[in-house]
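So the chains spell out like this:
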Amino acid sequence: MILGLLDGRPLPRTALDERLAVLRNGPRSTALPRQGSSEDRQLIRWVAQVLLTEALCEAVAAERELPVTASATAPGPARLDQQAAVELGSITAAAYEGSAAVRAVYDSVTAEVEPSPADVAHYRALTSRPPVTRWHLVLPDGTFEADPDTLPTALAEALRNAPPGEWVTVGPWTALLLATLAVPQDPDPAPALRDAACRAAFVRWLDRERAQRLTLVQGLEHPGDPAQPDNHHRH
């Protein structure tokens, strides 16, 4: 048996058997489905798709002469946050986390992706919030910043009513309101929008490459393929 075909070239199943053995002998083996069950066959299909994605990206990395060795700052597997993993899809996310070649190709494919000014402006319009007020306070033993609503009510009221630069004492508290700061709540959305646009662009690119260069074999179809017999997904 083979794993699949890449550009018409058969890929040996050895890598799949080895990856499955690692999973079944690993610390989370008890969470895996019973071998031979429908769920186990779906797991095998899923792992096969991860390996095919890795093999495809290894070929692309070689074609583009991309460096794929782990860097000194990121020597091990990558870790995606939940949003990124969902946007990439579980198969692509697993391949990205485990393969330096996938990450190198991702960087190459998405190098020129940027959110448009219109997208950034639209996002700001939908999510903008007024600045948060913070007080810069001076105490007898130092200074600090605080949200007025977090201070004792009597002290906050006295500070509001005191002339600028005047110390106030309320009960055990003595303070001076040095400045009122307006702290923006909305960070620059461009980096997050770029990351999301990169993930979407990579998924589109990878779907095209898979369709053009990979041939799946019976028994190792995509787990979501409705034509394969173990796809029992229901809503």
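Conventions used here
Residues numbered from 1 in each chain as written. Predicted model: local features only at pLDDT ≥ 70, side-chain atom pairs only at ≥ 80, totals over all residues. Heavy atoms only, no water. Pairing = 2+ DSSP bridges. Helix = DSSP H or I, 4+ residues; strand = E, 2+ residues; numbered from the N terminus. Axes fitted to C-alpha atoms, helices over the stretch in contact; angles between N-to-C directions. Contact = heavy atoms within 4.5 Å. 1 Å grid on protein atoms, 1.4 Å probe; cavity = no way out; pocket = protein on both sides within 12 Å on 5 of 7 lines; lining within 4 Å. Points joined across faces, edges and corners; volume = space filled by probe spheres on them. Nonpolar A, V, L, I, M, F, W, Y, C, P; charged D, E, K, R; others polar. Parallel < 35°, antiparallel > 145°, perpendicular 65-115°, else oblique.

Taken in spatial order, the three strands line up as β2-β1-β7 in an open sheet, and their pairing is antiparallel. Every other strand in the sheet has two partners, leaving β2 (9-12) and β7 (214-215) as the edge strands with one partner each.

With that settled, consider the sheet that holds strand β6 (residues 173-183). Taken in spatial order, the four strands line up as β4-β3-β6-β5 in an open sheet, and their pairing is antiparallel. Edge positions in the sheet fall to β4 (142-146) and β5 (168-170), since each has one partner strand and no second. Ignoring which end each strand starts from, the neighbouring axes of this sheet average 40° apart. The pairing of strand β3 (residues 132-139) with β6 spans seven bridges and is antiparallel. Bridge pairing links His 136 to Ala 179 in β6. On the sheet, helix α7 (residues 153-161) packs against β3, β5 and β6 and is oriented at approximately 155° with respect to β5.

Our focus in this paragraph is the layout of surface pockets. The volume enclosed by the largest pocket comes to roughly 650 Å³. Lining the largest pocket are 18 residues, with Arg 19, Leu 23, Arg 28, Trp 46 and Ala 94 positioned closest to its centre. Elements supplying a minimum of two residues to the lining of the largest pocket: α1 (14-24), α2 (38-64) and α4 (90-98). For the lining of the largest pocket, the residue count by class is 10 nonpolar, three polar and five charged.

We now examine the packing of α4 against helix α5 (residues 100-109). Between α4 and α5, the shortest axis-to-axis distance is 5 Å and the interhelical angle comes to 105°. As far as their axial angle goes, α5 and α4 are roughly perpendicular. Residue-level contacts link Ala 95, Tyr 96, Glu 97 and Gly 98 of α4 to Ala 100, Val 102, Arg 103 and Tyr 106 of α5. For the contact of α4 with α5, the residue count by class is five nonpolar, one polar and two charged.

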